[in-house]
Amino acid sequence: MTSTYLAGVALEMRWLLPLYQRLSNRPELLRALERETGLRRADPSDRSQLAHASFCDLIERLHAAGEPHICAWLALQFDASVGYGQVYFLRSSSQLREMLADLVTNQPLMLPFGYFGFFVNADSDSFEMRLQPYHAPTRLASRLLAEGALAWIKRILDLSLAERATPLSASSIAPPSPCREPLHAVFGAPVQMGAPYSTLRYPAHLLDQTLPGGNPRIKHAMRAGFVALLRNSDAPIPLSLKLIGCFFSHTGQGAMGIESTALRLGLSGSALRRQLRVEGMRFSDIYNAHRRRLAFQLLVLEGAPVEAVVRSLGYASRFSLERAFATWFDTTPALARRDRLLLAAQAIAEDWSDPVALLRMLPSPSHSAMDEASLNALQQPAGPLVQAYLLGLANRAEYGGRLLDDARGLTTQLRPERFDQLIGGLHLQAGPGQPVAALAPLWRACSTALESLPGLDWFAALSADAQQRTRQDVAWYELGALLMHRMVGAPYGRLLREAQNWSRAQVLEQERKRFGLDRHTAGALLLSAWGLPRSAVHTQRAASQPVTAEAQRLAALYEPRRANSSPLCSRTKRL
């Protein structure tokens, strides 16, 4: 399926019908537009489209005819049905900050013209939404499209909030131009023209306003569907996303090759390799990352029959798929599906793998500003959690599919702008934090374990890389407990209070007995869903019943203080 985009929204000919009413007193201009750009009247049920290049010609022609802000005006006419349900998806967020963070994290698909972010200014009690083009616009149409994108964001807010809110101010990268309807009349706020980027500023209290259409079930159900549709569009999207669109539309007859994929994109194999090389990517990495993620989605989350997945992913046999699955996730599809069902028995009615819901449970100090240095240092509870999520995100096909084992390659893989954007989006979406008191001992134990590592003989004997990986493993050790508390709630909190003086083995045994799976099995499932490499998943899974020397060492770091002289701890110290 293809579509033409205005500000990330599918632009069909019927959405240009308001032009005929607006220009009804200028019939000669309308006829010229029809002749030169292909504009025509369309029935409301007509799905035919205007080519992107033709639309650019259209808005530049109107700009010259005294209608410089027509792109923004059109964006404000759209209703919630445009963009294959994007607006319905966004409106189903519980709060405005959650909705805006979804725009941040899905920005390459929803707003493909530039970097989108929102920033809270505590001093002025306001927040600003900002859209900056990827490259300095060389054509007037690009500036007008950015202005239209900003208007589309305003339209989303108008359709989502309980009451329409007026912006405090706005700015546009389009040049100033006299017209019958200045841009401040369109936006309802003072507008600075010729700015370096487009912005809208609103009162900060709107961020925590409950959206009347909030529904986590709808949002979770729509997420995969609309993303798949958007990936098959003709929007100006990265090459990796174009490849994924080819993969999704593959018939399943055999594996995808670079030559056949290049042909579908209108390129030669050598040209596709060259373009990927410029972006620091390889076809095989992108293809394998796509199959890795889709295999988990289909086999674990959706429970699709293995044979059907074998065909859809182009594997030669069931054995080949299951061997690849074990390589990726350190388990079999059947066992991973069983763990998913055990978790589902405790699940609440929203996406359990959403990192923001976990961030909201952390102590308030962990929601301070975070950058690359603090992520690598692993100095606060939120650091490891955000690091794990970003590593999984960086490993996806959209970003080249190259598996990263630690945070040192994050900014290279995600690009500095995208890296900062994602961290900012996660923390702004999480808000001030709602710490769960029952989890405080977990974070204290994690901090104590990290502090004790440098004084251990076996840790000092490791290489620098092995020491970094060990710190990372310790930092992620209680990630599954956080997920378990989110799923189970108060009953799990009671277990944590009871277990403060239990041995590690007793705690895990009681978790399995009461809830079907322990924190480490849940953590392995979460890291798999986020897309982390097998090494990270294996460390979590091995901690469930530690039999290797490495797993026993990590487990010993969490034994209660009174157990320091126990045979188990003494034996572990000698390993």
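Preceding block: the structure.
This is a predicted model, so every value here is computed, not measured.

Visitor: What should I look at first to understand the sheet that holds strand S3 (residues 114-121) in this one?
Guide: Strands belonging to one sheet form pairs held by backbone hydrogen bonds; the direction of such a pair is parallel or antiparallel. Overall, mixed pairing links the five strands, which are arranged S3-S4-S7-S5-S6 in an open sheet. At either end of the open sheet lies a strand with only one pairing partner, and these are S3 and strand S6 (191-192). Sheet topology places strand S5 (residues 169-171) next to S6; two bridges connect them, and they run parallel. Of the residues in S6, the one forming a bridge with Ala 170 is Val 191.

Visitor: Help me understand the environment of Gly 213 in this model?
Guide: Here Gly 213 is to be found in the loop between strand S7 (198-203) and helix H10 (216-231). Accessibility expressed as a relative area gives 33% for Gly 213, which makes it partly exposed. Sequence-wise, Gly 213 and Ser 92 are 121 residues apart; in three dimensions their C-alpha atoms are separated by 5.2 Å. When near neighbours in sequence (up to four residues on either side) are disregarded, Gly 213 contacts Arg 91 and Ser 92.

Visitor: Whenever I open this one, the pairing of S7 confuses me. Can you help?
Guide: Two faces make up the sheet, and in a regular strand the side chains alternate between them. Relative to S7, strand S4 (residues 126-133) is paired through six bridges, and the arrangement is antiparallel. Bridge pairing in S7 places Arg 130 opposite Thr 199.

Visitor: Sorry if this is basic, but what is going on with the nonpolar core here?
Guide: Within soluble globular proteins, side chains that are nonpolar generally end up buried alongside one another. Counting residues in hydrophobic clusters, the biggest one holds 69 residues, and the most contacted among them are Leu 390, Leu 410, Leu 527 and Trp 530. Top contributing element to this core by residue count: helix H20 (residues 382-394), with nine residues. When sequence neighbours within four positions are dropped, the list of residues in contact with Leu 527 reads Ala 388, Trp 476, Leu 479, Leu 532, Ala 536, Val 537 and Gln 540. Counting residues in hydrophobic clusters, the runner-up holds 40 residues, among them Leu 111, Phe 116, Phe 127 and Leu 150.

Visitor: Where do I start with helix H8 (residues 140-160) in this structure?
Guide: Along an α-helix, residues three or four apart share an orientation, since each turn contains 3.6 residues. Here H8 spans 31 Å end to end across 21 residues, near enough to the 30 Å set by a 1.5 Å rise per residue. By the criterion of burial, H8 is predominantly enclosed, with 17 of the 21 residues buried.

Visitor: I tried to follow the packing of aromatic side chains on my own but got confused; where do I start?
Guide: Within a pair of aromatic rings, the relevant descriptors are the distance that separates the centres and the angle that separates the planes. Summed over all chains, the structure comprises eleven aromatic pairs. Ring centres of Phe 247 and Tyr 287 lie 5.0 Å apart, and the angle between their planes is 50 degrees; this geometry places the pair in the tilted category. A residue pair is termed long-range when its members are at least 10 positions apart, and Phe 247 in helix H11 (residues 239-248) and Tyr 287 in helix H14 (residues 283-301) qualify at 40 residues. Residue class for Phe 247 comes out buried when judged on its relative accessible area of 5%. Using a relative accessible area of 7% as the deciding quantity, one classes Tyr 287 as buried.

Visitor: Explain the packing of helix H3 (residues 52-64) against H8 to me, please; I cannot follow it from the model alone.
Guide: Packed helices, taken two at a time, are described by the angle between their axes plus the distance between the axes. Packing of H3 against H8 brings their axes to within 9 Å, and their N-to-C directions diverge by 90 degrees. Accordingly, the angle class assigned to the pair H3 and H8 is roughly perpendicular. Contacts from His 52, Phe 55, Cys 56, Ile 59, Glu 60 and His 63 of H3 reach H8 at Leu 140, Ala 141, Leu 144 and Leu 145. A class-by-class count of the residues in the contact of H3 with H8 yields seven nonpolar, two polar and one charged.

Rules behind the numbers
- Within every chain, residues take consecutive numbers counted from 1 along the sequence as written.
- With the structure being a predicted model, the display of local features is reserved for residues of pLDDT at least 70 and the display and counting of side-chain atom pairs for 80 or more, all residues being used for whole-chain, interface and lining totals.
- Working from all heavy atoms in the structure, the side-chain values ignore hydrogens and water.
- Strand pairing is assigned whenever DSSP detects at least two bridges linking the two strands.
- Counting from the N terminus, the helices are the DSSP runs of H or I reaching at least four residues and the strands are the DSSP runs of E reaching at least two.
- Each residue is assigned to one of three classes by its accessible area relative to the maximum for its type, calculated with a 1.4 Å probe on protein chains only: buried under 20%, partly exposed between the two thresholds, exposed over 50%.
- Here a residue-residue contact requires only that any non-hydrogen atoms of the pair lie within 4.5 Å.
- For the purposes of this section, nonpolar cores are sets of buried Ala, Val, Leu, Ile, Met, Phe, Trp, Tyr and Cys residues that join through side-chain atoms within 4.5 Å.
- Take the number of residues in a helix, subtract one, and multiply by 1.5 Å to get its expected span.
- Ring geometry is summarised as follows: Phe, Tyr and Trp rings, the Trp one being its six-membered ring, pair when their centres sit within 6.5 Å, and such pairs are stacked at plane angles under 30 degrees, edge-to-face over 60 and tilted between the two.
- As a rule, the C-alpha atoms of each element are fitted with a line to give its axis, helices using only the stretch in contact, and angles between N-to-C directions run from 0 to 180 degrees.
- Any angle from 65 to 115 degrees is called roughly perpendicular, while one under 35 is roughly parallel, one over 145 is roughly antiparallel, and all others are oblique.
- For this classification, Asp, Glu, Lys and Arg are treated as charged, while Ala, Val, Leu, Ile, Met, Phe, Trp, Tyr, Cys and Pro are nonpolar and the rest, including Gly, are polar.

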